Number of protein chains: 2
Amino acid sequence: MARNKVNYALIEDASKRKVSCNKRLKGLLKNFDELKTLCDVEVATIIYGPYRNEPYTFPNNDVVRNTFIKFKELPTLERSKHMVTREEFTMQRIKKLEEQLQKVRKEIGSRK
Amino acid sequence: MARNKVNYALIEDASKRKVSCNKRLKGLLKNFDELKTLCDVEVATIIYGPYRNEPYTFPNNDVVRNTFIKFKELPTLERSKHMVTREEFTMQRIKKLEEQLQKVRKEIGSRK
DNA sequence: GTCTCTATATATAAAAG
DNA sequence: TCTTTTATATATAGAGA
C-alpha cells in the first residue's frame, strides 16, 4: 500500500507478513472504532491471527457474545443505552486532544 | 478523512452520517478481505448498521456461525487474555495524541 | 524482534452533476 | 437522494536504527 503496491496474494516472506499483519490489525481496529463512534454502528469481531491461539475480539467479549446471540436468534434484543459513561468520557478526551493538535498545527503552518 | 478532518464523535447530520457509514463499511470489508488474503488471518464479523435489519457478515454467515461457536467454547480465562477491549484501544489512542501534542508544542517552543 | 521515519498508495469528506 | 470527481487525510511498505 505504500512505497510499493502490494500484490493481492499471500505475502510469502514470513517476517514481512507478520509485520504487515500487525499493522493491518491495528488499522482494522481503528476503522471499527471510528465506524462505531462516527456512525453509531454495532460491530462484533473475532480475529484469529496466526501468531497466537486466542482470538482478538472487538469491542469486547460481552458485546461479541451478545451480538452473536442476537445474530442467532434474530428477534431484536432491547439494548441498554446507559452503559457508555466511561466511553463517552474518553471520547470527549480524544476529541479535545484532536482539537488542540489541529490548533497547534495550524499555528505552526502559519509561521512557515 | 479528506477535505476536512472529521471529529471523533457521532456525525450529527443524518444524511452525511449515512454516506459516511456506507463508505466506511465498504472500506472495512475491503480491509478484512485483504487481511485474510495477504496475511492468512481468520476473521468473523457481524455488523449491525442502522440502515437495514439484517446484519452484514464477513466472510459469510456460515463461517461467522462456526467461528462464534468455536469462540464460545473457549474457557473464559483464555478468552479474556488477549481481548482487545475498546477501553484499551482508546487509552492507546489518547497516549498517542498526547505524544503528538508534546512533540508539536516542542517544535513551536524552539522557534520562539 | 521493535521503533521510527517517510514516500507512496489508498480511503474518504465534500463538491459537483 | 445516487454517482462521480477531487482534494485532503490516513494507512502502510520498505528502509534504517
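The residue numbers shown here count from 1 along each chain, following its written sequence. Here chains are named by letter from A upward and ligands by number from 1 upward, in the order in which they appear as written. Given that the model is predicted, a residue must reach a pLDDT of at least 70 before its local features are reported, and side-chain atom pairs must reach 80 or more before they are shown or counted; all residues, however, enter totals for whole chains, interfaces and linings. Based on all heavy atoms of the structure, the side-chain values leave hydrogens and waters out of the count.

- An unreviewed UniProt entry annotates chain A as MADS-box domain-containing protein of Solanum commersonii.

**So, the protein's contact with DNA strand C**
Here comes step 1: Summary of the distance rule: residues count as near a molecule or strand when at least one heavy atom falls within 4 Å of that molecule or strand. Surrounding DNA strand C, one finds 15 residues, the nearest of these being M1 and R3 of chain A together with A2, K23 and R24 of chain B.
Here comes step 2: Sugar and phosphate atoms constitute 70% of the interface atoms of DNA strand C, taking the interface as everything within 4 Å of the protein.
Here comes step 3: The separation between a phosphate oxygen of DNA strand C and a polar side-chain atom of K5 of chain A is 3.2 Å.
Here comes step 4: Looking at which element gives the most residues to the surface near DNA strand C, the answer is helix 1 (residues 14-39) of chain B, with six residues. In protein, a polar contact requires one atom able to donate a hydrogen and another able to accept it; more generally it is a pair of N or O atoms within 3.5 Å, and residues adjacent in sequence count only if both atoms are side-chain atoms. Labels follow the DSSP assignment, with helices taken as runs of H or I lasting at least four residues and strands as runs of E lasting at least two, numbered in each case from the N terminus.

**Re the packing of helix 1 (residues 14-39) of chain A against helix 1 of chain B**
Here comes step 1: Every axis in this analysis is a line fitted to C-alpha atoms, fitted for helices over the stretch in contact. Angles between the N-to-C directions lie between 0 and 180 degrees. Across the interface, helix 1 of chain A lies against helix 1 of chain B with an axial gap of 10 Å and an inter-helix angle of 160 degrees. Relative to helix 1 of chain B, the element helix 1 of chain A lies roughly antiparallel. As for how helix 1 of chain A packs across helix 1 of chain B, the hand of that crossing is left-handed. Here helix 1 of chain A contributes R17, S20, C21, R24, L25, L28, N31, F32, E34, L35, L38 and C39 of chain A to the contact with helix 1 of chain B, which in turn contributes R17, S20, C21, R24, L25, L28, N31, F32, E34, L35, L38 and C39 of chain B.
Here comes step 2: Throughout, the ten residues Ala, Val, Leu, Ile, Met, Phe, Trp, Tyr, Cys and Pro are labelled nonpolar, Asp, Glu, Lys and Arg are labelled charged, and all others, Gly among them, are labelled polar. In terms of residue class, the contact of helix 1 of chain A with helix 1 of chain B is made up of 14 nonpolar, four polar and six charged. Each angle is binned into one of four classes, with values under 35 degrees roughly parallel, values over 145 roughly antiparallel, values of 65 to 115 roughly perpendicular, and all other values oblique. The crossing is said to be left-handed when, going from far helix to near helix, the turn is anticlockwise and less than a right angle, and right-handed when the turn is clockwise. The contact criterion used is simple: two residues touch if any of their non-hydrogen atoms lie within 4.5 Å.

**Brief notes about the environment of F68 of chain A**
Here comes step 1: As for its position among the elements, F68 of chain A is in helix 2 (residues 61-73).
Here comes step 2: Categorising residues by exposure relies on relative accessible area from a 1.4 Å probe, with only protein chains included: less than 20% of the type maximum marks a residue as buried, more than 50% marks it as exposed, and the intermediate range marks it as partly exposed. For F68 of chain A, a relative accessible area of 2% translates into the label buried.
Here comes step 3: Separated by 24 residues in the primary sequence, F68 of chain A and A44 of chain A have C-alpha atoms spaced 7.9 Å apart.
Here comes step 4: Filtering out sequence-adjacent residues up to four positions away, F68 of chain A remains in contact with I46, R65, F68, I69 and K72 of chain B.

**So, the sheet that holds strand 2 (residues 56-58) of chain A**
Here comes step 1: The four strands lie next to each other as 2(A)-1(A)-1(B)-2(B), forming an open sheet whose pairing is antiparallel. Only two strands of the sheet have a single partner each, and these edge strands are strand 2 of chain A together with strand 2 (56-58) of chain B. Averaged over all pairs of adjacent strands, the angle between their axes in this sheet comes to 5 degrees, without regard to strand direction.
Here comes step 2: Two strands pair under a simple rule: DSSP has to find at least two bridges between them. Judged from the seven bridges that link them, strand 1 (residues 42-48) of chain A and strand 1 (residues 42-48) of chain B form a sheet pairing that is antiparallel. By the bridge assignment, Y48 of chain A is partnered in strand 1 of chain B with E42 of chain B.
Here comes step 3: Sheet contacts for helix 1 of chain A: strand 1 and strand 2 of chain A together with strand 1 of chain B; angle to strand 1 of chain A, the most-contacted strand, approximately 165 degrees.

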